[in-house]
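Now for the letters of each chain:
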Amino acid sequence: MIQTYDTTLRDGQQREGVSLTVEDKVYLATRLDVLGVDFIEGGYPASNHRDRLFFEQACSLDLRHATLVAFGTTLHKNADAEHDESLALLTACPAPIVALVGKAWTLQVAQVLETTCAENLRMVSSSIAFLKRAGKRVFFDAEHFFDGYREDAAYALEVLLVAAQAGAETLVLCDTNGGMLPHEVYAATTAAVAALEQAKLSQVRIGIHAHNDSGCGVANSLEAVRAGATQVQGTICGYGERVGNADLLTCIADLQLKLGYDLIGPERLKLLTPTAHAVAETFNIAFDAHLPYVGTSAFSHKGGLHASAALREHGAYEHIDPHSVGNFSHIVVSELAGKAALRAKAGDFELPLPEEGATLQALLDTVKNKEDKGYSYEVADASLELLLRDQMGEQVSYFGLESFRVIAERRADGIQSSEATIKLRVGGERHIATAEGNGPVNALDAALREAITRFYPQVKSFELSDYKVRVLDESSGTDAVIRTLIETSDGKTSWKTIGVSENVIEASWDALVDAITYGLLKSGCDGEPRERRTECA
Ligand SMILES: [Zn+2]
């Protein structure tokens, strides 16, 4: 039985730029419990008040599966466990398990602790014995174990045995610097397992705590399991200091789907993808679409032939069934895509496309034509849906533009301002609106909203969440073509639209109109209101 140990709330939040509140941590603990991890390392109570508060609140959570773990360090050199402040905080913490970190590398003992190898063994042993007397379960984190094993294998193993004899139920081999390679992890883990057996301590578990500095965090964890480790530690999406920790989600999927271990069961495996999104959102990090298993692009297919084959048979071009981890196959419509991909995409939009024939070919030609001009529908599904609807005679129109004008001003004192005036027709009437903004596109967006909000009040909930401009490469002799991508959110979902023109304002306007039109379409709005002031609910 392989145990899963999540350290997103301690090691994961070491990632640069991340700061979690107590509420964030409590929320994530509930998500991790629902996912079915065995242990949740909640923080370091001796190091900060916030982590102490977390444990106070978390122990009243009704966790169904997971057990909370508090992280802490061994007592100080030449100190006595009964008078060690940090050990006292650990015993006071309501978490039933302590992950106690201690040195396993002679270099660290000499240079960081500035003590002897014998004193380090005493520190490990008496800290664990003290915590056991206080009724705690203890996992011992052997810091820098693999570096220590490389330098002085006998001492690194002796530290493990001393910890086990003092009462640690799990010995966690930590690749603290993250630089190990899989074969080294395999060899050292094998030695640790053998040393426990020889000492008649084989009931003590070996765990693996890997970082990803050599790009091998997950691979190292798998090798440790192959060598006999039965607890895998990691963080959701591999978040952590430097390049991060072993990604626990990838470890779980690999172990369960590829190596045949049952970690969280097939049903909860489907929570991998939603859990990854929830953690990214709470960490306030843009979700990495290219993460293994859970990334939005993890099962996306671009080539025409390839996409049609993937649709027919998952196994042909997908290493696993994406539904097993809660993800989906995703057909990317691109200039390479064939009819099958386009039909699949239309299926996503619930638009029935003809099976074959002239109409389907015409639609494909239109998409290809636009892509030749610089549109890239693979990143702008909402614009693609509007284009397909338009081509199939299902077009929706909410307003008609008469004209717009944008003024950008920069004064000698450096102050910049932009103003847009827009003239359009809604419900058979002409409307003029003017608005200012911190740039021309912002002003244009504000003026458009100003003109139509009273007809379509839901526009107020649409927020432009991302705006990207890219100059496309052009062969010499022609003007550069500008592509703009806009992401809009209504707080529940988001959609992406695209515009292409030689003029950045024009390209932005295209993307903006698609953004508003798509949002109104999805909110169930039928089209232009017939009468002025008819509000579309
Ligand atoms: Zn770590």
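Numbering of residues starts from 1 in each chain and follows the order in which that chain's sequence is written. The predicted origin of the model limits local features to residues at a pLDDT of at least 70 and limits the giving and counting of side-chain atom pairs to 80 or more, whereas totals for whole chains, interfaces and linings rest on all residues. Values shown for side chains rest on all heavy atoms present in the structure; no hydrogens or waters enter the calculation.

A. Main features of the coordination of the zinc ion. Donors, by definition, are the N, O and S atoms found within 2.8 Å of a metal, the threshold being 3.2 Å for Na, K and Ca, and water is not counted, so a site can look incomplete. Distances from the zinc ion to its protein donors, Asp11 (OD), His209 (NE2) and His211 (NE2), fall at 2.0 to 2.1 Å. In the primary structure, the donors to the zinc ion are separated according to the pattern D-x197-H-x1-H. Placement of the pair is Asp11 in the loop between strand 1 (3–6) and helix 1 (22–35) and His209 in strand 7 (residues 205–210), with a sequence separation of 198 residues. Burial here depends on accessible area, computed with a 1.4 Å probe over protein chains only, as a share of the maximum for the residue type. Under 20% is buried, over 50% is exposed, and the range in between is partly exposed. Judged by relative accessible area, Asp11 falls into the buried class, the value being 6%. Going along the chain from the N terminus, every DSSP run of H or I of four or more residues is numbered as a helix, and every run of E of two or more is numbered as a strand.

B. The arrangement of the packing of aromatic side chains in detail. Any two rings among Phe, Tyr and Trp, with Trp reduced to its six-membered ring, count as a pair given centres within 6.5 Å; such a pair is stacked if its planes are under 30 degrees apart, edge-to-face if over 60, and tilted if neither. On inspection of all chains with the given rule, the structure shows 13 aromatic pairs. Here the aromatic rings of Tyr5 and Phe139 are separated by 6.1 Å at their centres, their planes lie at 45°, and the arrangement is tilted. Of this pair, Tyr5 sits in strand 1 while Phe139 sits in strand 5 (residues 137–143), and the two are 134 residues apart along the sequence. There is no split in this pair, since Tyr5 and Phe139 are both buried. Geometrically, the ring pair formed by Tyr375 and Tyr377 is stacked, given 5.8 Å between the ring centres and 10° between the ring planes. In textbook terms, an aromatic cluster arises when at least three aromatic residues are bridged by ring pairs, as seen for Tyr5, Phe39 and Phe139. Its guanidinium or amino end placed over the ring of Phe54, Lys25 lies 5.5 Å from that ring's centre, counting from NZ or CZ. Should the NZ of a Lys or the CZ of an Arg lie within 6 Å of a ring centre and within 35 degrees of the ring normal, that charge is described as sitting over the ring.

C. Layout of the side chain of Asn220. Looking at the element boundaries, Asn220 is found in helix 9 (residues 217–226). Exposure remark for Asn220: the relative accessible area of 0% places this residue in the buried category. Non-local contacts of Asn220, meaning those with residues more than four positions away in its chain, are made with Asp175, Met180, Leu181, Pro182, Val185, Ile208, Ala210 and Ser214. Should any heavy atoms of two residues lie within 4.5 Å, those residues are counted as being in contact.

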